[in-house]
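For reference, the chains in residue letters:
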Amino acid sequence: MSTPPRSRPLASPLPLPLDGVTVVAVEQAVSAPFATRQLADLGARVIKVERPDGGDFARGYDTAAGGLASHFVWCNRGKESLAVDLKDPRGLELVHRLVDRADVFVQNLAQGAAARLGLDAATLCAARPRLVAVDVSGYGAGGPYAHKRAYDMLVQCEAGLVSVTGTPERPVKAGIPAADIAAGMYAFSGVLAALLRRASTGLGGPVEVSMLEALAEWMGHPLHHGTHGGEAPARTGVAHAVIAPYDAYATADGGQVLLSVQNDREWRRLAEQVLGRPELGEDPAYATNRARVANRERTDAVVGAALTVLGTAEALGRLEAAGIACARLNTVADVAAHPQLAARDRWREVGSPVGPLRALLPPITLPGGPEPVMGAVPELGEHTDALLRELGVDERERAALRREGVVA
């Protein structure tokens with residue numbers, strides 16, 4: 001399959017939406033860094049404040065990305081790294097001076113830590129009315145869980161996601177940091193909403209996002225089903241809790257194909273054109289979704305028997321021809337080589353301390369303007385000197401701050 005040429009920008013392209021916006025972030029791990037990376041992709045200048053002794057601890061999670069940590073590479077491209085000790089009054093004062101010049105401040109320190117440093121959203125916004133300041137936390141500023149440790153898997157459990165994920169025999173966590181991602185997405189959209197409000201009122205203001213509340217919102221279907229229907233959806237592995245057939249089925253060449261029948265008309269087409277058993281379209285044991293769910297094991301056995309003798313490509317071809325929604329059950333490697341991503345030219349390279357790394361374009365596409373920035377992944381403290389010079393710190397003072405461990 002040939003790759004189409006990239007679309008040509010207009011003669012006078014629109015700027016990226018956040019050109020001219022400066023963000024200062026005291027951040028670590030995933031939730032806040034994921035939010036600010038998206039701001040950077042859209043043109044914002046993002047200054048990442050890190051500890052001099054190792055920086056963001058996500059830098060040390062693994063070495064899978066050419067020697068760098070995969071989480072860090074994913075969440076931190078396009079940022080400037082300032083390594084500074086916030087426990088030293090001189091270091092903290094430098095960060096406050098940066099915030100004075102910023103449009104947005106984001107932090108996800110442990111509950112109470114930002115307030116002790118005067119870096120919580122309420123304190124910052126009280127002194128800087130135009131500032132948009134974001135507090136990202138595990139459970140929110142109040143309530144009995146406010147100071148509880150909040151790692152992604154723990155919040156997945158507290159939000160009930162693990163209870164509805166897995167097989168009937170065993171609950172499992174999501175394979176991605178769903179709580180972190182949910183909080184990051186709401187922090188990102190919260191910043192955009194607050195900047196839009198500032199454009200019309202001149203006022204920024206605090207933004208609060210908690211991982212629990214973000215993920216609880218994403219639990220909308222099972223939460224409403226359980227709250228209003230009397231019981232939570234059962235764990236069904238890849239299958240759908242209230243639709244059948246809707247599952248992954250093995251094929252003759254070792255692959256798996258997932259299919260989804262959304263209504264009884266589709267079931268009749270599946271029975272006739274794929275299963276080769278048109279009589280099942282009218283059989284009371286299968287004719288309605290309610291009957292198929294009640295007879296899930298028999299339904300799955302019938303579908304599985306028909307697909308297990310077909311190769312993956314042939315099975316998908318027959319399902320597509322019958323108008324049945326279907327997909328391959330892809331591995332991570334399959335996604336990296338996905339023909340749709342290649343055909344849409346979604347891969348780019350970003351710089352890093354270990355050389356170019358492959359990365360996907362952000363999913364927000366803005367035709368008619370430049371591509372997202374997708375800047376380099378920074379080394380710890382790579383931009384410290386430049387940022388201190390920008391603040392008017394002379395060479396002698398910079399050397400003293402480095403010598404005394406205030407910056408790195």
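Residues numbered from 1 in each chain as written. Predicted model: local features only at pLDDT ≥ 70, side-chain atom pairs only at ≥ 80, totals over all residues. Heavy atoms only, no water.

A. Structural detail: the overall build of the protein chain. In terms of helices and strands, the protein chain carries 17 helices and eleven strands. By its C-alpha atoms, the protein chain is 85 × 55 × 45 Å across when sized along the principal axes. Sorting the 408 residues of the protein chain into buried and exposed places 46% on the buried side. A separation of at least 24 residues holds for 67% of the contacts in the protein chain among residues at least 6 apart in sequence. Distance from the positive charge centre (42 side chains) to the negative charge centre (47 side chains) of the protein chain: 2 Å. (Helix = DSSP H or I, 4+ residues; strand = E, 2+ residues; numbered from the N terminus. Buried < 20%, exposed > 50% of the residue type's maximum accessible area, 1.4 Å probe, protein only. Contact = heavy atoms within 4.5 Å. Lys, Arg positive; Asp, Glu negative; His and termini not counted. Charge placed at Lys NZ, Arg CZ, Asp CG, Glu CD.)

B. Representation of helix H17 (residues 395-403) in the model. Every buried residue belonging to H17 is among Arg398, Ala400 and Leu401, and all of these are buried. Down the axis of H17, the buried set is contained in an arc of 160°. They therefore lie on one face. Exposed side of H17, more than 90 degrees from the buried face: Glu395, Arg396 and Arg403 are the residues found there. Of the surrounding secondary structure, the elements contacted by the buried residues of H17 are helix H3 (89-100) and helix H16 (384-390). Taking the backbone nitrogen of Arg396 as reference, a side-chain oxygen 3.3 Å away marks Asp394 as the first, capping residue of H17. Just downstream of H17 lies Gly405, where phi reads positive at about 75°. (Arc of directions from axis to C-beta. Polar contact = N/O pair within 3.5 Å; in protein donor to acceptor, adjacent residues only side chain to side chain.)

C. Expanded view of the sheet that holds strand E8 (residues 256-260). The strand order across the open sheet formed by three strands is E7-E8-E9, and the pairing between neighbours is antiparallel. Two strands close off the open sheet at either side, each with one partner strand: strand E7 (246-250) and strand E9 (325-328). On average, adjacent strands in this sheet sit at an angle of 25° to one another, irrespective of strand direction. Here five bridges tie E7 to E8, and the two strands are oriented antiparallel to one another. Its bridge partner lying in E8, Ala248 is registered against Leu258. (Pairing = 2+ DSSP bridges. Axes fitted to C-alpha atoms, helices over the stretch in contact; angles between N-to-C directions.)

D. Focus on the pattern of salt bridges. Evaluated as defined, the whole model comprises 21 salt bridges. Among the salt bridges present, the one from Glu27 reaches Lys79, with a minimum N-O distance of 2.8 Å. On the criterion of sequence distance, the pair formed by Glu27 in the loop between strand E1 (22-26) and helix H1 (31-41) and Lys79 in strand E3 (residues 79-83) is long-range, its members being 52 residues apart. Lys79 carries the same exposure label as Glu27, and that label is buried. Three or more residues joined by partner-sharing salt bridges are found here, namely Glu27, Lys48, Asp56 and Lys79. (Salt bridge = Lys/Arg side-chain N within 4 Å of Asp/Glu carboxyl O.)

E. Focus on the sheet that holds strand E5 (residues 132-137). Strand order in this open sheet of six strands is E3-E2-E1-E4-E5-E6, and the pairing throughout is parallel. Where the open sheet ends on each side, the last strands, each with one partner, are E3 and strand E6 (205-210). Each strand of the sheet is rotated relative to its neighbour by a mean of 20°, with strand direction disregarded. Across the face of the sheet, helix H8 (residues 211-218) comes into contact with E5 and E6 while running at roughly 65° to E6.

F. Here's a closer look at the packing of aromatic side chains. In total, this model carries four aromatic pairs according to the counting rule given. Between Phe34 and Trp74, the aromatic rings sit 5.1 Å apart at their centres with planes inclined by 40°, giving tilted as the arrangement. In this pair, Phe34 sits in helix H1 while Trp74 sits in helix H2 (residues 70-75), placing the two residues 40 residues apart along the sequence. The partly exposed category is assigned to Trp74, whose relative accessible area is 27%. (Phe/Tyr/Trp six-rings, centres within 6.5 Å; stacked < 30°, edge-to-face > 60°.)

G. Summary view of the pairing of E5. Taking burial as the measure, the six residues of E5 include six buried ones, the bulk of the element. Residue alternation in E5 divides its side chains into two sets, Val132, Val134 and Val136 and Ala133, Asp135 and Ser137, and both sets are buried. Where strand E4 (residues 104-107) lies against E5, four bridges are found, and the strand directions are parallel. Note on E5: the bridge partner recorded for Phe105 is Ala133. Bridge count between E5 and E6: six bridges; the pairing is parallel. Paired with Ala133 across the strands is Pro206, a residue of E6.

It is worth stressing that arrangement in space is one thing and function is another; only the former is reported here.
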